[in-house]
Structure formats: structure tokens, C-alpha cells
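Given next are the chains, with one letter for each unit.
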Amino acid sequence: MFSEQAAPTAQGLLAPPSGQPPTFPRVPVAGYSDLSQPFRLGERSFCRQYAHVYAVRLAGMRPLLERRARGRWGDDIALRRLSELQEGEKCCVVGTLFKAMQLQPSILQEISEEHNLVPQPPLPKYIQPCDELMLEDELQRIKLDGAIDVQRLVTGTIVAVYGREEEDGRFLVEDHCLADLPPPLPWSGPSSDRFVLLASGLGLGSMSGEALLSTQLLVDVVTGQLGAEGEQSCAAHITRVILAGNLLSQNTQSRDTINKAKYLTKKTQAASVEAVKMLDEILLQLCTSVPVDVMPGEFDPTNYTLPQQPLHRCMLPLASAYATLRLVTNPYQASLDGVRFLGTSGQNISDIFKYSSMDDYLEILEWTLLAGHISPTAPDTLGCYPFYKSDPFILTECPHVYFCGNAPRFQSKLLQGKEGQRVLLVMVPDFSATQTACLVNLRDLSCQPITFSSFGADTED
Amino acid sequence: MEQPRRITDSFPRRRRGPGRPPGRLKDRKDKNKDKDKAQLKVRECPRAPSQPPPDPALMEMLRRFDLSWEYGPCSGITRLQRWERAQELGLSPPGPIRDALLEHRDNPDVTYRWDGMGW
């Protein structure tokens, strides 16, 4: 798609240099608006408990779920609260799921000295066949049994279950439903080809230099310094670059210096300082040519809890002189040229992966869209700010492009909803491992991977 | 003067739950109390009887508002914040509560949630 648009006159490299080389102006920025205001935190206060997050999540999603329940099981079903349940009566209950997992890391078990146990090492998945699901509403909780997939669902999802209460106090589920896709947004995308480059996991600051060549190739392609007129004319159609997290590598996070004595660590510099300088130089090259949105990720120097706040511009002195650099939050929502983008740096999806039997990252991304919530496991197993007024992770409108950074490999899917929603789901791969970025075409919501592999000493090509 | 004032009038009276430790925790109400104690020798007690103390019926109504489960958890936020949150979620909290909260907004007993839990 991208290279098919190459200008036919690709002979520039085979001819002597001309006095006036052809120039390709980049397509102008049209209609950008940043909609991630709900994810920006002003004054932060951590004196609150997390009960408020769950309470507003349930109160906010309850009307939607009651509507879905009526649409699915009939208008005359009985919607009950847990305190009003009668034994044997078929009814529908809306509540929050809680999955009791034996292997879930618990800080209390870790610090309990009387057992003298070694803390549990991090596992790829914490699911076990003996996990149990409970449904909680504002006042009570009940154990769920029956036609509900315990392994697949995670804590924090708002769900409506249809069934009846048994004699021994369990709720026998016959059917359940999630919030389903949010209402669609009107489509006003561009009529000509416009591309947005999505990349994540640049991983600067790691010891290997191979990824640096690929990063430089990426920057050269986007700024039009690579290839003949064909590639340059294609690159001129890229309107924006979004870097979805993990700009720094995990190696910069080593905390050995914290446990060492101060006189040993006096002259050492944190590994992230050098990495941020490299990031600044790379962003400078990009920002001179194209608008760039930089989202923080798991290993970047910003806060740990979701929503992560933008990187501070004093860390990037060279690049922040340009107005094309935008430092944005994680998750990030924006409207580019009439197309609504929503995405995260991947912490929500990888957290659900750990606590659910779903193995495919794209399947998990689609599931979060169907559950109507970006990150249901926050604040249970993923750090979250203690909101009290409203939960900003609830999906109220269906985005056109829903992406997730730092995936193990590239995947994309165009999802069609019953109410006319069209969503392009994109798993942006980790650039430091796969050297692959994604190009999204805003005109027809198609996505194409672009790989910048270099030849190492051990490749056979 | 209307009534004889005692030196202990400057200590605001607190309802104490059973078994609460005397040296207490982080609440903002404590800061007010300490401020009052420190300034005792320097000037008049800050709570001069120019504002009438809120009547027990009002405090009872506010307490019932705190404990009603429909409007969500009551800890860690002011009553006005809880009222506005309930309003935005469409739970229609009673209007007189908001009027009372705005009327007595400078009285920490009224604005913060009921202290019966001890935290």
C-alpha cells in the first residue's frame, strides 16, 4: 500500500545530481485535537481509598448494562440487587466481578515472616483451575457458578448475569453479558491517503547497538532522507508519528545503586540519563519534520500508576523547542483528521494477560473494547490513581483506531459492530525486539507493518 | 457578655468512639484543634460564638446522608464532594443537604464526614 504509491520517477538516484532536486511537501496537519483531558491529573491526593473507583465504575456502567440485559433477555426480566435475591427466582444482577486467585501475588503473604517463605517469583500467568468468581454490587457479594468462563474473566469487569440463586447461596449463571461496543462516532475521515506511524518500545539505553541502526532508519524514512523520490513522496503522506511508550529500555531501571553504600555510587549516573539524551536527539530529528506524540510507558521516567502523566519537557531540551513535539498521557485519546485514536502503552493488556486464560493479545484488546473499559484490572493488580468522582477508563464512545503498544508481535483487525461501529484494532510491536512499526491509513482504516531490519553478523542473507 | 466563657471553650468538642487512642492520626480536623491550642495564649478562641453551632437535627441529617449506601463510600472526601458526585451520577441526592453544607461551609464538623469510625 505504502510503496505502491511511489512516484513513477524513481530515477533520481541513477542520474547526476540536478540543480533543483524535487521536493515533496508533507501533507499539512488538518484537524488535530487532544482529547486526553480526563487522563490528566492536576492536584494529586492519595489519601483516599480505592473503594471510590469501584463505586463510580459500577454506578457509571450500571445503566448501560441494564439496557444491554433487557435487550438480550427480554424487556420483562427482573433486575435485582443482591440483597433482594430470592432463592430459585430467575433474575438478572449487575455487578463487579472479583476473581479469587490462589497464586495472585499478595504483599501480606510476602512479608509474613512466620511462614518463612520465599516470595513467589513473577510468573507469566497466575491462573489456576481452582480460581473462583464472585459478583459484588454495592452491598453484598455472591459466588458465581455455571455457564461463565472463570478462567477468561478478570477482576474489575462490570457484568450482568442471568440465572438464579441456589439453596447453598451460590448464584447459578445461565447466561452473562458485558457492556458490548460503545456507541459509534460519526465518520469524517480524510478522502485522500494520510498515514500515521505508530511505534513503541524504542528501548533506548539498552546495551545493544543493533536496535539503534533500526531506529535511525525509521527516523530517516519518516523525514524523507532515505530512498529515492518514490519513498520520499510516500513519506510525505505521513502526517503524524505516535510513540506508544517504553522509549527507554528496561535496563535503565536497574536499582542496584539504591542498595549500595553512598560512597560507592557517588560518581555513577543513572542509566536513564544517557538514554534520555539519546531520546532527545532522536526526537529532535523527528520533530523538525513531522508532529510527534510521545506517550510514556512502563520503563519511562514518569509516575507508575495509570494514568501516566506526560514526560516533563525539561528532560528533552532540544526537542521541546519545537511545537511539533507533544508530550501526552498514557492512555492517549486524540482526534486526528476526524479519526478518533485511543491507545495505551500496553500495561493494561499485559496485566489482563497475566490474570486471564486469553493468550492472544489482539483477543484481549478486543475483549477490553467489548467490556467497555480500558483497564478493568486497575486498581486490583495494576496501579491506578484513586479517582473518586468518575472513572476515566470507561469507554463512552467507540474510537476508530484502538491501539496498544509494546506487543510481542504486530497484529491488526478491523472490527465491525452491530450499530455501525468500525474499529481498527492495532497491536503495535515492541520496536527494540521486532524492529517493526505500523502505518495506519486514515482514509480506509487499514494498517500495514513496516520493518527496519539490518543485517547482523549471524544472518544468512 | 452573653454567657460566661471558659478557657476550655477554645477546644472544639469531639465525639469520641469507644477505644480510640488519645494521640491521633492524620485528619485535618486535628490540625484545626492543634492550631487552636497553640494560639490559646495569644488571642481569643477562634470559634467565637458569632456563628451559631449547627443544630443536632442538622448533624443527624448529615450523618444519615453519610451512611446511606446509595451514594457510594463516604470516607476520604468531603460531604459536598460526595453530594456533587451523586448528583452527576444521577442518583438525585436530597437538595436540603447541599444547602446546609454550603451554609455551614466553614465548620469542619459539617463539611467532613461523620467521625464515628475514628478515621
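What you see is a predicted model, and the numbers here were worked out from it, not measured in a lab.

Calculation criteria
- Residues numbered from 1 in each chain as written.
- Chains lettered and ligands numbered in written order.
- Predicted model: local features only at pLDDT ≥ 70, side-chain atom pairs only at ≥ 80, totals over all residues.
- Heavy atoms only, no water.
- Axes fitted to C-alpha atoms, helices over the stretch in contact; angles between N-to-C directions.
- Helix = DSSP H or I, 4+ residues; strand = E, 2+ residues; numbered from the N terminus.
- Parallel < 35°, antiparallel > 145°, perpendicular 65-115°, else oblique.
- Left-handed = near helix turned anticlockwise from the far one by under 90°.
- Contact = heavy atoms within 4.5 Å.
- Phe/Tyr/Trp six-rings, centres within 6.5 Å; stacked < 30°, edge-to-face > 60°.
- Buried < 20%, exposed > 50% of the residue type's maximum accessible area, 1.4 Å probe, protein only.
- Lys NZ or Arg CZ within 6 Å of the ring centre and 35° of its normal.
- Pairing = 2+ DSSP bridges.
- 1 Å grid on protein atoms, 1.4 Å probe; cavity = no way out; pocket = protein on both sides within 12 Å on 5 of 7 lines; lining within 4 Å.
- Points joined across faces, edges and corners; volume = space filled by probe spheres on them.
- Nonpolar A, V, L, I, M, F, W, Y, C, P; charged D, E, K, R; others polar.
- Domains from an automatic or database assignment.
- Patch = residues over 30% accessible without salt bridge, like charges linked within 9 Å, V, L, I, M, F, W, Y side chains within 5 Å.
- Areas by Shrake-Rupley, 256 points an atom, 1.4 Å probe, with all protein chains shown as cover.
- Salt bridge = Lys/Arg side-chain N within 4 Å of Asp/Glu carboxyl O.

### Things to note about the packing of helix α2 (residues 56-67) of chain B against helix α4 (residues 95-103) of chain B
Residues and elements named next belong to chain B. Between α2 and α4, the least distance of the axes is 11 Å, while the angle of their chain directions is 120°. Relative to α4, the element α2 is oriented oblique. Regarding α2 and α4, the two cross each other, and that crossing is left-handed. Judged by residue contacts, Leu-58, Met-61, Leu-62 and Phe-65 of α2 engage Pro-96, Ile-97, Ala-100 and Leu-101 from α4.

### Observations concerning the packing of aromatic side chains
In the structure shown here, the tally under the stated rule is ten aromatic pairs over all chains. Ring geometry for Phe-353 of chain A against Tyr-361 of chain A: centres 5.1 Å apart, planes inclined by 35°, an arrangement best described as tilted. Tyr-361 of chain A carries the same exposure label as Phe-353 of chain A, and that label is buried. Three or more aromatic residues joined by ring pairs make a cluster, and in this case those are Phe-39, Phe-46, Tyr-385, Phe-387 and Phe-393 of chain A. Above the ring of Tyr-32 of chain A, the side-chain terminus of Arg-240 of chain A is found at 3.9 Å from the ring centroid. Here Arg-82 of chain B stacks its cationic end above the ring of Phe-65 of chain B, 4.9 Å away from the centre of that ring.

### What to know about the sheet that holds strand β3 (residues 132-136) of chain A
All names here are of chain A. With mixed pairing, five strands are arranged side by side around a closed barrel as β2-β3-β4-β6-β5. For this sheet, the mean inter-axis angle between neighbouring strands, taken without regard to orientation, is 55°. Of the pairings in the sheet, the one linking strand β4 (residues 141-146) to strand β6 (residues 171-177) comprises three bridges and is parallel in character. Counted as the bridge partner of Gly-146 is Val-173 from β6.

### Brief notes about empty space enclosed by the protein
Residue and element names in this part refer to chain A. By the definition in use, this model includes two cavities of 30 Å³ or more. Volume-wise, the largest cavity comes out at about 90 Å³. Lining the largest cavity, in full, are Pro-28, Val-29, Ala-30, Gly-31, Tyr-32, Arg-194, Thr-239, Arg-240, Leu-336, Asp-337 and Leu-442. Residues of the lining of the largest cavity, tallied by class, amount to six nonpolar, two polar and three charged. Its boundaries defined by the atoms lining it, the second largest cavity holds a volume of some 30 Å³. The wall of the second largest cavity is formed by Met-101, Val-154, Thr-155, Tyr-355, Thr-377, Asp-380 and Thr-381. Each residue belonging to the lining of the second largest cavity can be placed in one class, and the counts come to three nonpolar, three polar and one charged. Residues lining the lining of the second largest cavity come from more than one domain, with at least three contributed by each of domain 1 (26-43 + 183-253 + 269-451) and domain 2 (50-112 + 122-177).

### A word on a nonpolar patch on the surface
On the surface, Ile-107, Leu-108 and Ile-111 of chain A cluster together into a nonpolar patch covering about 340 Å² of accessible area. If you trace the backbone, Ile-107 of chain A turns up in helix α2 (residues 107-111).

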